[in-house]
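# Reading the structure
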Amino acid sequence: VKGDSLLPVYEKLVLHNVSSLSLSMELILTEPFSLCETPGDPGRHRTKFFVLEDQRQSEFWVCFDPSLYKDLAPRIVDETLKINYLEHPQQDIVKLHAVVHFPSLHFSSTTVDFGCVQNCTETNKTVTITNCSPLPLSYRWAFLEDQNQTQIRLTADDQSTTQRPVHVEEAFDISPMYGVLQPQDQQLVTFYFFGHENISRAVVAQCSIEDGPTYDVQVRGEASAICYSLESTHLDFGSQLFHCVGEVEMCVRNSGKVGFEFSIIQLPSAEEDEGFDEDEGAPMKARNEGRDTQQLKGNSEQQERLRIRPGLPKVIPAMGYIGAGSEMHLRVLYLPGIPEVFEKQFQLQVAFLPPQEITLTGVGVIPRIRLNLPRNLSEECYSDVLQQAQAAVEAQRVRQELEHGIPVGRGPQEPADCAPTYEELIQLEVERLLVIENALRVPDRLLELSDQPSSLSQWQNLSK
């Protein structure tokens, strides 16, 4: 039925006595059904006694009154008409069935939860509504207002901000707000949330159907700032063999209510021309290979090593997503490539926030021993290296004097305990410079050997 007034519906019931005896009967039924003599008769009964003579029949009208249902909700009604006989215990039953149609909708969801979004951003979600009745319907949306309007929450840094009420239309919107649907038609309804700074709001969106029920949809949303924390922005690799890959773990914690994406930005340096944009040397974000899920697992014979470029930090994963209240442990790998002190930087980019610079430091060392036997270095072949080694040892001596205030004589000195002699210091520096020279000449070969953690003998071959 559709309209302002719901009228009763009548169906005829005929009882025929087929026996040779008269029957005394009682008819019993329940609301919303009743019995009457003629359609429209106001005298309706739930119970009726009468006697039906043999071979005679009697007619009644069964009335169904849908106006008893005030909620305007469609329903299927199944009841029974019971016929009791006073002369014997037999009972007959007549099934009664009625269907009430009101304009009605089916919702794919009655809750729209936007969660927590970033401050000053907009988001939306969709709900599908379906006209599940055989009647065309007209609908209209409205927000159920209350007197307790949500106030802007203040953080510790915003105590000076003036509080003001946030009205529902400032935080939420619906599109379309009204419409007409034919039977079995569907409509996508979009709910919008405008994340004003640090607000939290929950409202009820009511969908009213003309001549039909009203449906409630719970809508809530919250806005907050992106914030995260790092245990440290300095990663200390300490002393490590220059031909081996070192690893340090860095933990990024999402201390806020909003999830965010992050990525690693490699910074260019004078020695690192490849892997960066040629124009203006702009840093390039790590390639998708940073998202590889390769892990350094297994024993030394079977483990799968990532190819690490000497002198360039590699972060795994190089990009990702960290949910609210979660944390992610990043693996920072570094291959020195040459035996010297290193200090490298890369940047952690979180959402739109300014990049956070991360510094890693350490020193690449080479395995070597001291020999008390004289070494014969040809002046013709190693004159330049010897001069560089002498200059480096002299510079180290000057630094020691400035740091400790203890004069150290120039040139060869008498050994003190187990301290290396001047000649030994020169020899050690020569070895270091030769390794650096060879390492810089064969970077591709170094890269191949870096995949083999136990390849010390092959690295030693480079200096020959």
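Residues numbered from 1 in each chain as written. Predicted model: local features only at pLDDT ≥ 70, side-chain atom pairs only at ≥ 80, totals over all residues. Heavy atoms only, no water.

### Quick look at the side chain of Ser 224
- Mapped onto the elements of the fold, Ser 224 is located in strand β16 (residues 214-224).
- The buried category is assigned to Ser 224, whose relative accessible area is 12%. (Helix = DSSP H or I, 4+ residues; strand = E, 2+ residues; numbered from the N terminus. Buried < 20%, exposed > 50% of the residue type's maximum accessible area, 1.4 Å probe, protein only.)

### A closer look at the sheet that holds strand β25 (residues 356-365)
- Spatially, five strands are ordered β18-β25-β24-β20-β22 in an open sheet, and the strand pairing comes out mixed. With one partner strand each, in any of the chains shown, β18 (234-241) and β22 (319-322) form the two edges of the open sheet. Neighbouring strand axes in the sheet, compared pairwise and without regard to direction, differ in orientation by 25° on average.
- In terms of strand pairing, strand β24 (residues 341-350) meets β25 through eight bridges, oriented antiparallel. Bridging from a neighbouring strand, Phe 342 pairs with Gly 362 of β25. (Pairing = 2+ DSSP bridges. Axes fitted to C-alpha atoms, helices over the stretch in contact; angles between N-to-C directions.)

### Re the side chain of Thr 190
- Locating Thr 190 in the fold gives a position in strand β14 (residues 186-194).
- Residues contacting Thr 190, with those up to four places away along its chain left out, are Asn 124, Lys 125, Thr 126, Asp 173, Ile 174 and Ser 175. (Contact = heavy atoms within 4.5 Å.)

### Description of the sheet that holds strand β3 (residues 33-36)
- Taken together, three strands build an open sheet; the order of strands is β1-β5-β3 and the sheet is antiparallel. In the strand order of this sheet, the two ends are held by β1 (9-16) and β3, each with one partner. With direction set aside, neighbouring strand axes in the sheet form an average angle of 30°.
- Where β1 and strand β5 (residues 57-64) come together, eight bridges link them in antiparallel fashion. Counted as the bridge partner of Leu 13 is Phe 60 from β5.

### A look at the packing of aromatic side chains
- The full count for this structure, using the stated rule, is 13 aromatic pairs.
- An angle of 35° between the planes, with centres 5.3 Å apart, marks the rings of Phe 172 and Phe 193 as tilted. In this pair, Phe 172 sits in strand β12 (residues 172-175) while Phe 193 sits in strand β14, placing the two residues 21 residues apart along the sequence. One exposure class covers both Phe 172 and Phe 193, and it is buried. (Phe/Tyr/Trp six-rings, centres within 6.5 Å; stacked < 30°, edge-to-face > 60°.)

Treat this as a map of the structure, not an account of what it does.
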